[in-house]
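Analysis of the macromolecular model
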Amino acid sequence: TMIRARITSAPVLVGLAVGVVSLALYLATVAPTLTWGHNMTGVDGGELLAAADTFGVPHPPGYPTYTLLLKVFATVVPVGDFAFRGNVLSAVLASVSVVLLYLVILRFVRSLRPDSPTSISVTSAALGASVFSASPLFWSQATMTEVYTLNAAFAGGLALLASRMALRLPGEDSGQAPDTTVHMALFGLLLGLGLGNHLTLLAVAVPLLAWLQLTVGWKKLASPWAVGALILGLGIYIYLPIRAASNPPINWGDAGTPGGFAWMITGRAYQDYVFGVGVDSIPDKLLSWLELVFAQLNPLGIFLGLVGGAMIRVEAPRFALMSGLSMVALSVYSITYNTVDSEVLTIPAFMVFTVWVGLGFSHIATGISAWAQRGLSGLKSGSARVVASYPLLVLGVVAFGALPLASVILNYDEQNLRGEDQAYRYARVVIDSVPDGSLLLSSEENHAFSLWYMSYVEERERDIVPLAVPLLQFDWYWEDIQDRYPDRIPAEVNTDVNAAIQSVVEHNDGRSRIFFTFWDLSLDGQFDREEAGNLFEARPKKDR
């Protein structure tokens, strides 16, 4: 009876509703197959899918947690093609993130405003979680294959564990407080596994650990259970050298060697992008960041968040400081990271800020409730409660209408990928237009990764070699493809890209046909070409 009452309680039912509605929104707009996403922000999908299906090693840092989870999910849920299952996984993980965020906000409100009615606590948590779920940036990641909804789920899980340890609810002082040792072990395990998905999780985890240190102390934080669980979670990275040694089709960085493993997990290939934005570009990046913030939250959401931040600064100053540092760190990292899709790195920052949004709403709603109760003190208590609920009802309707509902209405068409299959159609046309035994050379990520997916997942029985030209600069890539295709890749390693292309074409003259998905002037000087639809077939120049 007690369990049933708890399951059917308002907080639980509302949390489930928030998760179900979010999942319904994401599934209604999820891409039907392989996609490049919004403004080419999902081009990695083809590579991640191919790596997961073949137990391969995708680009640094290798994403072992995501790769294995995607493979398991796609095996257990045999609906649609493999790419569709990857897209659905993102939708599921996004809705899980929303529910975890709901629970975090609910605990904060109940702890910092213990006298607030349940209706205010639940509405505040639902509002904050819904604002995040309908924010265009996060929504965009919930409809295609990418790692960022899993990163948000780990961030939400860590925040929930930390809030359970650092915040006390009424009645928990009497021996009902959560077991810190168990929670820290879970925190360590989630952190380790989460870092096996995306390293930016540290920007959330480190401030949370600092908050916990100020609250429960280092002794409980660094218990052997917590450290052991962290090491166990990080053990997911053993996947990289194990699979790299088997030479799967997707096999970045020679992770089977100590040097290659270090190259992978440190993301050395992308370190030049960190703080890689020139000083003269910073003003434009800042402007883009401000536009991004307003697009996710609109002025009302920002106002509620600032009210919540002011409240936390008084009620929980340590969390206010650490959550502020987390948002600043993620924002600075995104602004100075020199890639076209760097804005996705701010998703955990928006997640943190929507905690503030929920608290801001609860602060205002609690004040209105107290004011209404005082103004109606002459009425009978039952009547007073009913009449006092009217302003709160209006406030809730306005907040939900102006924030998540408005975001859904304004952004639905843009976020809807239900009919978006451009990447799949591109890869299908290219693969179908070349004969078996061919080599396909691509220079753009979106083309190369889509062809990897089509070659190694959809058409694995076809004898087609898709090569990514930019990777020819790495000796590990040359050695890897030479090992897989010894008859078509010369044995001598050549990491000058133009010379490598020349070597491959000349080596296959009279053996295999060579097709390019691109053409430029430098190739004109090296080869004779013949247009074949959207492709270019290359041969050594006859006058050589």
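My aim in this report is to walk through the structure given alongside it, one point at a time.

If you tally the helices and strands in the protein chain, you get 23 helices and five strands. Its C-alpha atoms give the protein chain a radius of gyration of 26 Å, within 12% of the compact-globule value 24 Å for 544 residues. Overall size of the protein chain, expressed as C-alpha extent along the three principal axes, is 100 × 55 × 50 Å. When burial is assessed residue by residue, the protein chain has 54% of its 544 residues classed as buried. In the protein chain, the share of contacts with a sequence separation of at least 24, taken over all contacts with a separation of at least 6, comes to 74%. Entry remark: accessible area of the protein chain is about 23,600 Å², with carbon and sulfur atoms responsible for 62%. Here the protein chain holds 33 positive side-chain charges and 45 negative ones, and the gap between their average locations is 15 Å.

Looking now at helix α4 (residues 64-76). The periodicity of an α-helix, 3.6 residues per turn, causes residues three or four places apart in sequence to face the same way. If you check α4, its first and last C-alpha atoms are 18 Å apart, about what 13 residues at 1.5 Å a residue would give, namely 18 Å. All of the buried residues in α4 are P64, T65, Y66, T67, L70, K71, F73 and A74.

Turning our eyes to something else, we now look at empty space enclosed by the protein. In the structure shown here, the tally under the stated rule is three cavities of 30 Å³ or more. In this structure, the largest cavity spans a volume of roughly 190 Å³. Taken together, 17 residues line the largest cavity, and the ones lying closest to its centre are A159, V204, L208, F319 and V352. Mapped onto the lining of the largest cavity, the elements with two or more residues apiece are α5 (82-112), α8 (148-166), α10 (202-216), α16 (317-336) and α17 (347-375). Looking at the lining of the largest cavity residue by residue, the class counts come to 14 nonpolar, three polar and no charged. Around the second largest cavity, the lining is made up of 14 residues, and of these P249, W452, Y477, D480 and I481 lie nearest the centre. Of all the secondary-structure elements, those providing two or more residues to the lining of the second largest cavity are α20 (445-458), β2 (465-468) and α21 (475-484). With five residues, the top contributor of residues to the lining of the second largest cavity is α21. Classifying every residue of the lining of the second largest cavity by side-chain character gives eleven nonpolar, one polar and two charged.

Here the focus is the pairing of strand β4 (residues 527-532). Regular strands place side chains that alternate from one sheet face to the opposite one. Bridge count for β4 against strand β5 (residues 535-540) is six bridges, and the pairing is antiparallel. Its bridge partner lying in β5, A532 is registered against L535. Between β4 and the antiparallel strand that follows it, β5, lie two residues; G533 among them carries a positive phi value of about 70°.

What follows covers the packing of aromatic side chains. Summed over all chains, the structure comprises 19 aromatic pairs. When the centroid spacing of 5.5 Å and the interplanar angle of 80° are considered together, the rings of F516 and F518 count as edge-to-face. The pair F516 / F518 is uniform in exposure class, with both members buried. In this structure an aromatic cluster arises from ring pairing among W252, W263, F474, W476 and Y477.

Burial of β5 is extensive: five of the six residues sit out of reach of the surface. In the sheet, strand β3 (residues 514-516) pairs with β5 via three bridges, with the strands oriented antiparallel. Looking at β5, one finds that F516 is bridged to F536.

Glancing now at the sheet that holds β5. Reading across from one edge, β2-β1-β3-β5-β4 is the order of the five strands in this open sheet, with mixed pairing throughout. The sheet is open, and its two edges are formed by β2 and β4, each paired on a single side. This sheet shows a mean twist of 30° between the axes of neighbouring strands, independent of strand direction. As paired elements, strand β1 (residues 439-442) and β2 share four bridges and run parallel to each other. Residue pairing across strands places L439 opposite V465, the latter belonging to β2. Across the sheet, α20 lies against β1 and β2, angled at about 155° from β2, the strand it touches most.

Glancing now at the nonpolar core. The biggest cluster of nonpolar side chains holds 160 residues, and the ones touching the most others in it are F187, W252, W452 and F516. By residue number, the principal contributor to this core is α5, which donates 17 residues. Setting aside its immediate chain neighbours within four residues, W452 contacts E47, A50, I250, W252, V457, P466, A468, L471 and Y477.

Each value, and the rule that gives it
Residues numbered from 1 in each chain as written. Predicted model: local features only at pLDDT ≥ 70, side-chain atom pairs only at ≥ 80, totals over all residues. Heavy atoms only, no water. Helix = DSSP H or I, 4+ residues; strand = E, 2+ residues; numbered from the N terminus. Rg over C-alpha atoms; globule rule 2.2 N^0.38 Å. Buried < 20%, exposed > 50% of the residue type's maximum accessible area, 1.4 Å probe, protein only. Contact = heavy atoms within 4.5 Å. Areas by Shrake-Rupley, 256 points an atom, 1.4 Å probe, with all protein chains shown as cover. Lys, Arg positive; Asp, Glu negative; His and termini not counted. Charge placed at Lys NZ, Arg CZ, Asp CG, Glu CD. Expected span 1.5 Å × (residues − 1). 1 Å grid on protein atoms, 1.4 Å probe; cavity = no way out; pocket = protein on both sides within 12 Å on 5 of 7 lines; lining within 4 Å. Points joined across faces, edges and corners; volume = space filled by probe spheres on them. Nonpolar A, V, L, I, M, F, W, Y, C, P; charged D, E, K, R; others polar. Pairing = 2+ DSSP bridges. Phe/Tyr/Trp six-rings, centres within 6.5 Å; stacked < 30°, edge-to-face > 60°. Axes fitted to C-alpha atoms, helices over the stretch in contact; angles between N-to-C directions. Core = buried A, V, L, I, M, F, W, Y, C linked by side-chain atoms within 4.5 Å.

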